[in-house]
Amino acid sequence: MSKSTVANRYAEALFSVAQKQNIVDEVNQELQEVTKVVSANRDFISLLTNPKFSSERKKEIVSELFKEANSILLNTIKLLIDKKRINELVNIAEAFKTLAADAQGTAEATVYSTRELTEEEKKDISTSFAKLVGKESLNITNVIEPSVIGGVRVQIGNMIFDNTVANKLDSLRRTLVVNK
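All of these numbers come straight from a predicted model, not from anything done at the bench.

Chemist: Explain the environment of E145 here, please?
Modeler: Locating E145 in the fold gives a position in the loop between strand 2 (137-144) and strand 3 (151-156). Taking the C-alpha atoms as reference, E145 lies 6.0 Å from Y112; in sequence the two are 33 residues apart. In this structure, E145 is in contact with Y112, S113, T114 and R153, ignoring residues within four places of it in sequence. At a separation of 3.0 Å, a polar atom in the side chain of E145 contacts the side chain of S147.

Right, dumping it as structure tokens:
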């Protein structure tokens, strides 16, 4: 979940409305797309926080850019503009994604490995680690990190399961230094 209390509150409110209308997946996908646009264009947030433009003009710009977006999401973005909280949009998307995953019995996981994992390996990791965190499955993002040397490090929320060669070597080094 996001570190921002404000973002969590907005995400929970948006999630509640989306859940009542049974469109959580749709809103989540659109919110992630909007986040990609915002992240790729830092000037966009600058424009929406610029006091030279009126709130009405900012909302017109957003309405034009995201005219295909769900009305709930569009209204939330407009509310963020009115409340001068648009800079929280990325954090809100992150918090919403976590809420949606929790509701579906899944969790986001980052797996660090020396190479790209196959779909079979991702499935095996998902099955094994989902049980450890009380979920049905994991949505895995694979990050290539040569420093792990071998094995994998799995991060699910604030939990880290480190079964890498680098970690084992470091542990062995600490043991040898202490016993010296």
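From this point, the narrative continues.
Chemist: Would you explain the nonpolar core in this entry?
Modeler: Nonpolar side chains in soluble globular proteins tend to be buried together. V62, I77, I86, L89 and F96 are the most contacted members of the largest nonpolar core, which has 31 residues in total. Where this core is concerned, the elements lending two or more residues are helix 1 (5-20), helix 2 (24-40), helix 3 (42-49), helix 5 (71-82) and helix 6 (89-103). Residue contributions to this core peak at seven residues, all from helix 6. When sequence neighbours within four positions are dropped, the list of residues in contact with L89 reads L31, V34, V38, I77 and L80. Of all hydrophobic cores here, the second largest spans 13 residues; its members include A107, V111, I140 and I156.

Chemist: Would you take a moment to explain helix 6 for this structure?
Modeler: In this model, helix 6 (15 residues) spans 21 Å end to end at C-alpha, consistent with the 21 Å of a helix rising 1.5 Å per residue. Buried within helix 6 are the following residues: L89, I92, A93, A95, F96, L99, A100 and A101. Along its buried surface, helix 6 packs onto helix 1, helix 2, helix 5 and strand 1 (106-113). The positive-phi residue at the C-terminal boundary of helix 6 is G105, with phi of around 75 degrees.

Chemist: What should I look at first to understand the side chain of S126 in this one?
Modeler: Tracing the chain through its elements places S126 in helix 7 (residues 119-132). Judged by relative accessible area, S126 falls into the buried class, the value being 8%. With sequence-adjacent residues up to four places away left out, S126 is seen in contact with S137, L138 and I140.

Chemist: I tried to follow the sheet that holds strand 1 on my own but got confused; where do I start?
Modeler: Think of a sheet as strands paired side by side through backbone hydrogen bonds, with each pair either parallel or antiparallel. Pairing is mixed in the open sheet, where four strands are placed in the order 2-1-3-4. Looking at which strands have only one partner, the edges of the open sheet turn out to be strand 2 and strand 4 (159-164). Mean inter-strand twist for the sheet, computed between neighbouring axes without regard to direction, equals 20 degrees. With four bridges connecting them, strand 1 and strand 3 associate as antiparallel partners. Of the residues in strand 3, the one forming a bridge with Y112 is R153.

Chemist: Sorry if this is basic, but what is going on with the packing of aromatic side chains here?
Modeler: Inspection of every chain in the model, using the stated rule, returns three aromatic pairs. Consider the rings of F15 and F96, whose centres lie 5.7 Å apart with planes at 70 degrees: the pair is edge-to-face. Here the residue F15 occupies a position in helix 1, and F96 occupies one in helix 6, the gap between them amounting to 81 residues. Each member of the pair F15 and F96 is classed as buried. Ring centres of F129 and F161 lie 5.2 Å apart, and the angle between their planes is 55 degrees; this geometry places the pair in the tilted category. Within this pair, whereas F129 is found in helix 7, its partner F161 is found in strand 4, the two being separated by 32 residues in sequence. Look at F161 and you get partly exposed, because its relative accessible area is 25%.

Chemist: What is the right way to read a nonpolar patch on the surface from this model?
Modeler: A cluster of nonpolar side chains, I149, V165, L169, L172 and L176, forms an exposed patch at the surface whose accessible area comes to about 460 Å². You can see L169 is positioned in helix 8 (residues 165-178). For L169, a relative accessible area of 47% translates into the label partly exposed.

Chemist: What is the right way to read unusual backbone geometry from this model?
Modeler: The general pattern is negative phi for most residues beyond glycine and trans for most peptide bonds. Located in the positive-phi region is K84, a residue other than glycine, with phi close to 55 degrees. The topology assignment puts K84 in the loop between helix 5 and helix 6. The exposed category is assigned to K84, whose relative accessible area is 65%.

About the criteria used
- Residues numbered from 1 in each chain as written.
- Predicted model: local features only at pLDDT ≥ 70, side-chain atom pairs only at ≥ 80, totals over all residues.
- Heavy atoms only, no water.
- Helix = DSSP H or I, 4+ residues; strand = E, 2+ residues; numbered from the N terminus.
- Contact = heavy atoms within 4.5 Å.
- Polar contact = N/O pair within 3.5 Å; in protein donor to acceptor, adjacent residues only side chain to side chain.
- Core = buried A, V, L, I, M, F, W, Y, C linked by side-chain atoms within 4.5 Å.
- Buried < 20%, exposed > 50% of the residue type's maximum accessible area, 1.4 Å probe, protein only.
- Expected span 1.5 Å × (residues − 1).
- Pairing = 2+ DSSP bridges.
- Axes fitted to C-alpha atoms, helices over the stretch in contact; angles between N-to-C directions.
- Phe/Tyr/Trp six-rings, centres within 6.5 Å; stacked < 30°, edge-to-face > 60°.
- Patch = residues over 30% accessible without salt bridge, like charges linked within 9 Å, V, L, I, M, F, W, Y side chains within 5 Å.
- Areas by Shrake-Rupley, 256 points an atom, 1.4 Å probe, with all protein chains shown as cover.
- Salt bridge = Lys/Arg side-chain N within 4 Å of Asp/Glu carboxyl O.

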